[in-house]
Structure formats: structure tokens, C-alpha cells
Amino acid sequence: MTALQLTGSKEQLFTETVRQQLDSWISKYPPGQVQSAVIPALHILQNAHDGWLSEGVMRALAEYLDVPAISIFEVATFYSMFELTPVGKHKINVCTNISCQLCGSQQIVEHLQKRLGIGFGETTLDGKFTLKEVECLGACVGAPMLLLDRDYHELLTPEKIDAILDGVK
Ligand code: FES
């Protein structure tokens, strides 16, 4: 857990809007099943905090849900969709799993790394893009593919990637 950092006061971490969103998810589950709300809660908090989850945010969530902090950490550290360190404004998740690999993901990765000037797990100097390698995203029929923020882009070519990145503000 050395990558985790404490940031912000609890008041800053839980705005009224965030509380409403959390409460909405918590209310979907029976009493005693609040643990089921952890994944959507982490999404809410990550979206509300520049795309990543500090240790302070996760501890505050544990307190809010009245669950042990470890039960938050173990979810946040298991799924690649949660970030434990600061990321760029836009996150590019490139699938390199078997279907994408067979359809040329290596060429896609090389093109992205060359164009952005970064490797996996890194962020461009202007803070615009973070590049990540991920496992199968369930879009094998469109291999090779990537997930840019919340949008899937499939049947990629270097030219298609250039057009996609050129369109990102
Ligand atoms: S292997 Fe890439 S989406 Fe399934």
C-alpha cells in the first residue's frame, strides 16, 4: 500500500452530491449488504477525485459505509479500473489479451507508445493521457481494441488511433 497517499479533509472528500450518489447505491441493497455497494461507490469517488483513489478517500468511504478499511482496499487494488495514484485527464486502456494479440495489438501498443512518448503505467508530460495495459475487455470480436475513458474503440489501426487521439480535447 506504499503508493497510497492521504489527501484532503473528510469534508472535501464527501460533497453533498457525492453523498447523494453513495446513498442512492447503498439503498439498492438489503440491510447488512452494504459491501455490495463498494464497487459503485469507488467509481463515484474516483470520478469525483480526478480519476484516482487516495488512501484518505478509501478510508473515508470505509467509515461512511461502516466497514473495515481493508474491505475497501482489497476491492480497489484488485480491479484494474481503479487507480491508486494520480492519472492523466484521459485514460487509455489497451487490451493485449489473446484475441487482441492475435489481431495485432502489439502494433497498436507500439504506435500508441511512440505517438504519446510514454510506456504502460505512465502519463504524458502535459497530463493529458495515461496509458494502461489491460486484460480482455469483452470485445474480442472487435480486436484489436482499446477503452478510452468510457468509450470502446475497436478494429484498430494506427491511422484509426491517430484520428481518435486527434479528436480528444
Ligand atoms: S482479448 Fe481483447 S477484448 Fe478480448
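Draft legend 1. Fine view of the environment of V38. Take V38: it is sitting in helix α3 (residues 38-48). Its 20 C-beta neighbours within 10 Å are what place V38 among the buried residues. The spacing of V38 and L22 is 16 residues in sequence and 9.3 Å in space, taken between C-alpha atoms. The contact partners of V38, leaving out residues within four places of it in the chain, are S71, I72 and V75.

Draft legend 2. Structural view of the pairing of strand β1 (residues 90-95). Relative to strand β3 (residues 129-134), β1 runs parallel, the two sharing six bridges. Counted as the bridge partner of C95 is V134 from β3. Pairing between β1 and strand β4 (residues 146-148): three bridges, direction antiparallel. Across the sheet, residue I92 finds its bridge partner in β4, namely L148.

Draft legend 3. Seen up close, the packing of helix α2 (residues 16-26) against α3. Running from amino to carboxyl end, α2 crosses α3 at an angle of 165°, the nearest separation of the two axes being 9 Å. On the basis of the axis angle, α2 is roughly antiparallel to α3. Once α2 is placed against α3, the crossing between them reads as right-handed. Contact residues: α2 offers V18, Q21, L22 and W25, while α3 offers P40, A41, I44, L45 and A48.

Draft legend 4. Quick look at the sheet that holds β1. The strand order across the open sheet formed by five strands is β2-β3-β1-β4-β5, and the pairing between neighbours is mixed. Each edge of the open sheet is held by one strand with a lone partner, namely β2 (122-123) and β5 (151-153). Against the sheet, helix α7 (residues 105-116) contacts β1 and β3, and its axis sits at roughly 155° relative to β1.

Draft legend 5. Inspection of the nonpolar core at higher detail. Residues V94, L112 and M145 are the most contacted members of the largest nonpolar core, which totals 16 residues. For this core, the elements supplying multiple residues, two or more each, are β1, α7 and β3. Looking at which element gives the most residues to this core, the answer is α7, with four residues. If near-sequence neighbours (up to four positions away) are discounted, M145 is found in contact with C95, C100, L137, A139, Y152, H153, E154 and L156. In this structure, V38, L53, L61 and A76 belong to the second largest nonpolar core, which totals 14 residues.

Draft legend 6. Representation of the domain arrangement of the chain. The domain boundaries assigned to the chain delineate domain 1 (10-78) and domain 2 (90-166). For domain 1 versus domain 2, the separation of C-alpha centres amounts to 29 Å.

Draft legend 7. Region of interest: the packing of α3 against helix α5 (residues 69-78). Where α3 contacts α5, the two axes come as close as 10 Å, and the packing angle between them is 75°. By the angle between their directions, the pair α3 and α5 is classed as roughly perpendicular. For the pair α3 and α5, contact is made by V38, I39 and L42 and by S71, I72, V75 and A76, respectively. Partitioning the contact of α3 with α5 into residue classes produces six nonpolar, one polar and no charged.

Draft legend 8. Representation of the confidence of the model for the chain within the structure. For the chain, the mean per-residue pLDDT works out to 93, and 92% of the residues sit at or above 70. Note that residues 1-8 has pLDDT below 50 and, in this model, 15 contacts with residues that lie over four places away or in other chains.

Definitions and cut-offs
Residues numbered from 1 in each chain as written. Predicted model: local features only at pLDDT ≥ 70, side-chain atom pairs only at ≥ 80, totals over all residues. Helix = DSSP H or I, 4+ residues; strand = E, 2+ residues; numbered from the N terminus. Buried ≥ 20, exposed ≤ 12 C-beta atoms within 10 Å, placed from the backbone. Contact = placed C-beta atoms within 7 Å. Pairing = 2+ DSSP bridges. Axes fitted to C-alpha atoms, helices over the stretch in contact; angles between N-to-C directions. Parallel < 35°, antiparallel > 145°, perpendicular 65-115°, else oblique. Left-handed = near helix turned anticlockwise from the far one by under 90°. Core = buried A, V, L, I, M, F, W, Y, C linked by C-beta atoms within 7 Å. Domains from an automatic or database assignment. Nonpolar A, V, L, I, M, F, W, Y, C, P; charged D, E, K, R; others polar. pLDDT = per-residue confidence, 0-100.

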